[in-house]
Amino acid sequence: MTIPNLEKVYTYSDYLNFPKDERWEILDGVPYMLSAPLWEHQAISSKIVSQLDRQLEGSPCLVFAAPFDLKLTNKNERDEDISTVVQPDILVICDKPGLKGTGYKGVPEFVIEILSDSTARYDMIKKLGKYEKLGIKEYWIIDPEIKRVFVFVLNNGIYGKPDFYFEDDKIKLKTLENIEVDLGPVFNSIKR
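Everything numeric in this text was worked out from a predicted model, so none of it was measured.

### A look at the environment of Val-181
Next, step 1: Its place among the elements puts Val-181 in strand 14 (residues 180–182).
Next, step 2: Taking the C-alpha atoms as reference points, Val-181 and Ile-48, 133 residues apart in sequence, are found 6.9 Å from one another.
Next, step 3: Excluding residues within four positions of it along the chain, Val-181 makes contact with Ile-48, Gln-51, Leu-52, Trp-140, Asp-169, Lys-170, Ile-171, Leu-173 and Val-186.

### With respect to the packing of aromatic side chains
Next, step 1: Counting across every chain of the model gives 12 aromatic pairs.
Next, step 2: Judged by centre distance (4.9 Å) and plane angle (80°), the rings of Phe-110 and Trp-140 are edge-to-face. Note that Phe-110 is positioned in strand 9 (residues 110–114) and Trp-140 in strand 10 (residues 138–143), a separation of 30 residues in sequence.
Next, step 3: The class for Phe-110 is buried, based on a relative accessible area of 0%.

### Points about the state of the cysteines
Next, step 1: Going through the model one piece at a time under the given rule, you end up with 1 disulfide.
Next, step 2: Here Cys-61 engages in a disulfide with Cys-94; their sulfurs sit 1.8 Å apart. Since a negative S-S torsion denotes a left-handed disulfide, the Cys-61-Cys-94 link at about 100° is right-handed. Of this pair, Cys-61 sits in the loop between helix 2 (39–56) and strand 3 (62–65) while Cys-94 sits in the loop between strand 6 (90–93) and strand 7 (99–100); the two residues are 33 residues apart in sequence, bridging distant segments of the chain.
Next, step 3: Relative accessible area serves as the criterion here: at 22%, Cys-94 is assigned to the partly exposed category.

### Examining helix 2
Next, step 1: Taking 1.5 Å as the rise per residue, helix 2 with 18 residues should run 26 Å; its terminal C-alpha atoms sit 25 Å apart, in good agreement.
Next, step 2: Of the residues making up helix 2, those classed as buried are Glu-40, His-41, Ala-43, Ile-44, Ser-45, Ile-48, Val-49, Gln-51, Leu-52 and Leu-56.
Next, step 3: Buried residues along helix 2 sit in contact with strand 3, strand 6, strand 9, strand 10, strand 14 and helix 4 (183–188).

### Considering the nonpolar core
Next, step 1: With 27 residues, the main nonpolar core has Ile-48, Leu-52, Trp-140 and Val-149 as its most contacted residues.
Next, step 2: Going through the elements one at a time, helix 2, strand 6, strand 9, strand 10, strand 11 (148–153) and helix 4 are the ones with two or more residues in this core.
Next, step 3: Considering every element that reaches this core, the biggest residue donor is helix 2, with 6 residues.
Next, step 4: If near-sequence neighbours (up to four positions away) are discounted, Val-149 is found in contact with Trp-140, Ile-141, Ile-142, Asp-163, Phe-164, Tyr-165, Ile-171, Leu-183 and Phe-187.
Next, step 5: Ranked by size, the runner-up nonpolar core spans 20 residues in total, among them Leu-27, Leu-70, Val-86 and Tyr-159.

### Comments concerning the pairing of strand 10
Next, step 1: For strand 10, a buried count of 6 out of 6 residues is recorded, marking the element as mostly surrounded by other parts of the structure.
Next, step 2: Of the two faces of strand 10, the one carrying Glu-138, Trp-140 and Ile-142 and the one carrying Tyr-139, Ile-141 and Asp-143 are both buried.
Next, step 3: Summarising the sheet, strand 9 and strand 10 pair through 5 bridges and their orientation is parallel. Across the sheet, residue Phe-110 finds its bridge partner in strand 10, namely Glu-138.
Next, step 4: One crossover worth recording links strand 9 to the parallel strand 10 by way of helix 3 (residues 120–134), and it is right-handed.
Next, step 5: As paired strands, strand 10 and strand 11 are joined by 6 bridges and run antiparallel to one another.

Thresholds applied
- Residues numbered from 1 in each chain as written.
- Predicted model: local features only at pLDDT ≥ 70, side-chain atom pairs only at ≥ 80, totals over all residues.
- Heavy atoms only, no water.
- Helix = DSSP H or I, 4+ residues; strand = E, 2+ residues; numbered from the N terminus.
- Contact = heavy atoms within 4.5 Å.
- Phe/Tyr/Trp six-rings, centres within 6.5 Å; stacked < 30°, edge-to-face > 60°.
- Buried < 20%, exposed > 50% of the residue type's maximum accessible area, 1.4 Å probe, protein only.
- Disulfide = S-S within 2.5 Å.
- Expected span 1.5 Å × (residues − 1).
- Core = buried A, V, L, I, M, F, W, Y, C linked by side-chain atoms within 4.5 Å.
- Pairing = 2+ DSSP bridges.
- Right-handed = clockwise from strand over helix to strand, strands pointing away.

Right, dumping it as C-alpha cells:
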C-alpha cells in the first residue's frame, strides 16, 4: 500500500481493502502500519494467553491474541463506518454476540499491549487515550525490556495513575473475578 492520504478519514471499509500481507490499525481514522513482533513479544503473549484461557474455562469469557480485529465503537455505527480498528496483543471478551468474522465490535473488558520499540509511544499515549475514552475497564501495558507491567483501571471514566508490577509478581485482574496472571513464567520465557 502506498503512504496513506492523511487528509482522508479511513474506516473499516477501507481497512478491508488494505493489502492482506500487511498489518494495519486505524485509530480515529488515521492508519498505522504494524511491524512483525519480536520473538520475546510472542513468548510473553503465549504465556499470558495460556494462563487466561485455563482460568476462563467454563466462564462466558474468551481470550484472544493478535491478529484479531477489534472494531472499537460505543455507538451503533455500521461496521463499514467505524474509524477505529486495532489489533490488541491480548484481549478478553465476555459479550459473545459482538464476535463476528475476524474479530469483535464493541468494548472488551480487558486489553493488553506488549511494547516494542516501534509501538511504545503509540500504545502508551494514543491507544491509552482511546481505550480510556471508550471505557475499556482494564488496560495493561507490558514492557519486556524492563520486565514491568503497568495496570490501568477505569475509575469514574478515568484511568489515573497505573499500578505497576515486576517480573515475579502475580496480578489479580480487577475486572474479572478470580483471574490472576503469574508474571514469573511470563518473563522467564524471555530469559536467555
